[in-house]
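# An overview of the molecular structure
Residue-level listing of the chains:
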Amino acid sequence: MAKRKSRAKPVANKKRVEKLDTVFTCPFCNHGQSVTCEIDKKNMLGRVECFVCKEDFNTTIGPLTEAIDVYSEWIYECIKVNQSD
């Protein structure tokens, strides 16, 4: 007896992963697209810097940290400093 022909299972569509931003607006000088974020995974450091007003922020990162995480941490630190005054 012959086996029944099995139907091919539908191929699952892979979701496209959109790239996150690495250039942001500076909270000090309000220039759009002037803050760049660099992540050094080897030394586990994240750095954001505004190339207009030269403000910068450095922090330690984890293996899953993205540029938006470093920028957000900078914003939280700015808020924290402003509220403590």
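Here the structure is shown first, and the text comes after it.
Reading guide: rules and limits
- Residues numbered from 1 in each chain as written.
- Predicted model: local features only at pLDDT ≥ 70, side-chain atom pairs only at ≥ 80, totals over all residues.
- Heavy atoms only, no water.
- Helix = DSSP H or I, 4+ residues; strand = E, 2+ residues; numbered from the N terminus.
- Rg over C-alpha atoms; globule rule 2.2 N^0.38 Å.
- Contact = heavy atoms within 4.5 Å.
- Salt bridge = Lys/Arg side-chain N within 4 Å of Asp/Glu carboxyl O.
- Buried < 20%, exposed > 50% of the residue type's maximum accessible area, 1.4 Å probe, protein only.
- Pairing = 2+ DSSP bridges.

### Some points on the overall build of the protein chain
For the protein chain, the count of helices and strands is 1 helix and 4 strands. Seen in sequence order, the protein chain has helices and strands lined up from the N terminus as β-β-β-β-α. The C-alpha radius of gyration computed for the protein chain amounts to 22 Å, which surpasses the reference 12 Å derived for 85 residues by more than 25%, pointing to a less compact arrangement than a globule. For the protein chain, the spread of C-alpha atoms along the principal axes amounts to about 85 × 25 × 25 Å. Long-range contacts, defined here as pairs at least 24 residues apart, represent 29% of the contacts in the protein chain between residues at least 6 apart.

### Quick look at the pattern of salt bridges
As enumerated under the stated definition, the model contains 3 salt bridges in all. The partner of Arg47 in a salt bridge is Asp56, with the nearest N and O atoms 3.2 Å apart. A residue is classified by how much of its surface remains accessible, and Asp56, at 36% relative accessible area, is partly exposed. Through salt bridges with shared partners, a single network forms among Arg47, Glu49 and Asp56.

### Side note on the pairing of strand β4 (residues 56–60)
Residues Phe57 and Thr59 point to one face of β4 and are all buried, whereas Asp56, Asn58 and Thr60, pointing to the other face, are not buried. Pairing of strand β3 (residues 45–50) with β4 involves 5 bridges; the strand directions are antiparallel. Bridge assignment links Gly46 to a residue of β4, and that residue is Thr59. Between β3 and β4, which pair antiparallel and follow one another directly, the connecting turn spans 5 residues, one of which, Lys54, has a positive phi of 65 degrees.

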